[in-house]
Amino acid sequence: MSHWQHFRVWRGDSEKGELVDYPVEVNEGEVVLDIIHRLQQTEANDLAVRWNCKAGKCGSCSAEINGMPRLMCMTRMSTFAEDEVITVTPLRTFPVIRDLVTDVSFNYTKAREIPSFAPPPDLAPGEYRMQQVDVERSQEFRKCIECYLCQNTCHVVRDHEENKENFAGPRYLMRIAELDMHPLDTADRQEAAQEEHGLGYCNITKCCTEVCPEHIKITDNALIPLKERVVDRKYDPLIWLGNKIFKR
Ligand code: SF4
Ligand code: F3S
Ligand code: FES
């Protein structure tokens, strides 16, 4: 069973662009990315789109569908009414390169700004020991596919270009939280989170958590606990020291 659907896709580059209307055939079981590929094969051969796995795991096909940040390969056409106009636009927070492809290098810059895992210098690889509970705590964060939907959605940068320099965004504040929870990490993550990576800009609106395709509880399990540890420490630096020595 197939039907025709009205698609509206943003076409353009960094200079200018517009929404272009396309009637397109939709078959049972298809996702939005299938339709974008059909447009490439038929009416819009030069439509630029980034994708790779078609299985929700590479994080490449992020876009905004009817204004909602989503993975195109995981958005089923059956979730829309057949007479609905489906509007597909590029991620709004990052500069457009062409059509649905944006320049996400902001995220790579932020990733590089976080110092990597710093184990105690007297421990050789293979000598690391940690409690199973600590291993499990960070597993949730390691499900991240770096689709940047959370980075695109957080209002701190979505509506305020000027904050980009000082705010790492939810994905990278979560990375700092993960390292801070690591019992073998010796770096001072809390002060850096606040002073260098903009933890204080986050006012826990949870929009990042809402759009995460991996259903990671970014705000509740990473950002709020990190904020709590930063506040504890502000009132009593010994708490920070204690937390590092007697990791929960
Ligand atoms: Fe994507 Fe979730 Fe990772 Fe953010 S935390 S980049 S939304 S997978
Ligand atoms: Fe932004 Fe998420 Fe905080 S959307 S404000 S990082 S809770
Ligand atoms: Fe890989 Fe969509 S194509 S997540």
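Residues numbered from 1 in each chain as written. Chains lettered and ligands numbered in written order. Predicted model: local features only at pLDDT ≥ 70, side-chain atom pairs only at ≥ 80, totals over all residues. Heavy atoms only, no water.

Asks: Where do I start with the packing of aromatic side chains in this structure?
Replies: Two aromatic rings are characterised by how far apart their centres lie and by the angle between their planes. A complete count under the given rule lists 4 aromatic pairs for this structure. Aromatic side chains phenylalanine 117 and tyrosine 128 sit 6.1 Å apart centroid to centroid with 80° between the ring planes, which places their arrangement in the edge-to-face category. Here the residue phenylalanine 117 occupies a position in the loop between α2 (105-112) and α3 (132-139), and tyrosine 128 occupies one in the loop between α2 and α3, the gap between them amounting to 11 residues. Since its relative accessible area comes to 30%, tyrosine 128 is described here as partly exposed. (Phe/Tyr/Trp six-rings, centres within 6.5 Å; stacked < 30°, edge-to-face > 60°. Helix = DSSP H or I, 4+ residues; strand = E, 2+ residues; numbered from the N terminus. Buried < 20%, exposed > 50% of the residue type's maximum accessible area, 1.4 Å probe, protein only.)

Asks: Honestly, the side chain of threonine 75 in this entry has me stumped. Any pointers?
Replies: Summarising the element assignment, threonine 75 is placed in the loop between β4 (68-71) and β5 (85-89). At 2.7 Å, the side chain of threonine 75 forms a polar contact with the backbone oxygen of leucine 71. (Polar contact = N/O pair within 3.5 Å; in protein donor to acceptor, adjacent residues only side chain to side chain.)

Asks: How should the site of ligand 2 be read in this particular structure?
Replies: Inspection of the region around ligand 2 gives Cys154, His155, Pro170, Cys202, Asn203, Ile204, Thr205, Lys206, Cys207, Cys208, Thr219 and Leu223 as its neighbouring residues. Mapping ligand 2 onto the cavity grids shows that it belongs to the second largest cavity. (Near = heavy atom within 4 Å. 1 Å grid on protein atoms, 1.4 Å probe; cavity = no way out; pocket = protein on both sides within 12 Å on 5 of 7 lines; lining within 4 Å. Sits in = over half its atoms within 2 Å of the grid points.)

Asks: What should I look at first to understand the nonpolar core in this one?
Replies: Nonpolar side chains in soluble globular proteins generally cluster together in the buried interior. Phe7, Val32, Ile36, Met72 and Val88 are the most contacted members of the largest nonpolar core, which has 61 residues in total. Sorting elements by how many residues they give to this core places helix α6 (residues 170-181) first, with 7 residues. Discounting chain neighbours no more than four positions away, the residues touching methionine 72 are Val31, Val32, Leu33, Ile36, Val49, Cys61, Ala63, Ile65, Val88 and Leu100. (Core = buried A, V, L, I, M, F, W, Y, C linked by side-chain atoms within 4.5 Å. Contact = heavy atoms within 4.5 Å.)

Asks: How should the site of ligand 1 be read in this particular structure?
Replies: All residues in the neighbourhood of ligand 1 are listed as Cys144, Ile145, Glu146, Cys147, Tyr148, Cys150, Arg171, Met174, Cys212, Pro213 and Ile218. A class-by-class count of the residues in the shell around ligand 1 yields 9 nonpolar, no polar and 2 charged. (Nonpolar A, V, L, I, M, F, W, Y, C, P; charged D, E, K, R; others polar.)

Asks: Got a minute to help me understand empty space enclosed by the protein in this structure?
Replies: Empty space among the atoms becomes apparent when a probe as large as a water molecule is rolled across them. Summed over all chains, the structure comprises 2 cavities of 30 Å³ or more. In this structure, the largest cavity encloses a volume near 100 Å³. Together, 14 residues line the largest cavity, and Cys144, Cys147, Cys150, Cys212 and Ile216 are the ones closest to its centre. Contributions of two or more residues to the lining of the largest cavity are made by α4 (149-153) and α6. By volume, the second largest cavity amounts to about 80 Å³. What lines the second largest cavity is a set of 13 residues, among which Cys154, Cys202, Thr205, Lys206 and Cys208 lie closest to the centre. Listing elements by their share of the lining of the second largest cavity, those giving two or more residues are α8 (207-211) and α9 (218-235). (Points joined across faces, edges and corners; volume = space filled by probe spheres on them.)

Asks: Please clarify how the pattern of salt bridges should be interpreted in this entry.
Replies: Oppositely charged side chains may form a pair once their charged atoms are brought near each other. The tally for this structure, following the rule as stated, stands at 18 salt bridges. Residues aspartate 46 and arginine 11 are paired through a salt bridge, measuring 3.0 Å at the closest nitrogen-oxygen approach. Here arginine 11 lies in strand β1 (residues 2-12) and aspartate 46 lies in the loop between α1 (32-41) and β3 (62-65), a separation of 35 residues in the sequence. A salt bridge links aspartate 220 to lysine 206; the nearest nitrogen and oxygen atoms lie 2.8 Å apart. Pair noted here: aspartate 220 is in helix α9 and lysine 206 is in the loop between α7 (189-195) and α8, with a separation of 14 residues, a long-range link. For lysine 206, a relative accessible area of 33% corresponds to the partly exposed category. (Salt bridge = Lys/Arg side-chain N within 4 Å of Asp/Glu carboxyl O.)

Asks: Got a minute to help me understand unusual backbone geometry in this structure?
Replies: Phi is mostly negative for residues that are not glycine, and the peptide bonds are mostly trans. Here asparagine 66, not a glycine, exhibits a phi torsion of approximately 50°, which is positive. Looking at asparagine 66, the relative accessible area reads 32%, which means it is partly exposed. Despite not being glycine, histidine 215 has its phi angle at roughly 55°, a positive value. Following the sequence through the fold, histidine 215 ends up in the loop between α8 and α9.

Asks: Teacher, can you tell me more about the sheet that holds β1 here?
Replies: Overall, mixed pairing links the 5 strands, which are arranged β2-β1-β5-β3-β4 in an open sheet. If you trace the sheet from one side to the other, it starts and ends with β2 (17-27) and β4, each paired once. Averaged over all pairs of adjacent strands, the angle between their axes in this sheet comes to 35°, without regard to strand direction. (Pairing = 2+ DSSP bridges. Axes fitted to C-alpha atoms, helices over the stretch in contact; angles between N-to-C directions.)

Asks: What is the right way to read the environment of lysine 164 from this model?
Replies: One can find lysine 164 in the loop between α5 (155-158) and α6. Taking relative accessible area as the criterion, lysine 164 reaches 11% and is therefore assigned buried. Once the C-alpha coordinates of lysine 164 and asparagine 107 are considered, the two residues, 57 residues apart in sequence, prove to be 10.0 Å apart. Only 2.5 Å separates the side chain of lysine 164 from the backbone oxygen of threonine 93, close enough to count as a polar contact.

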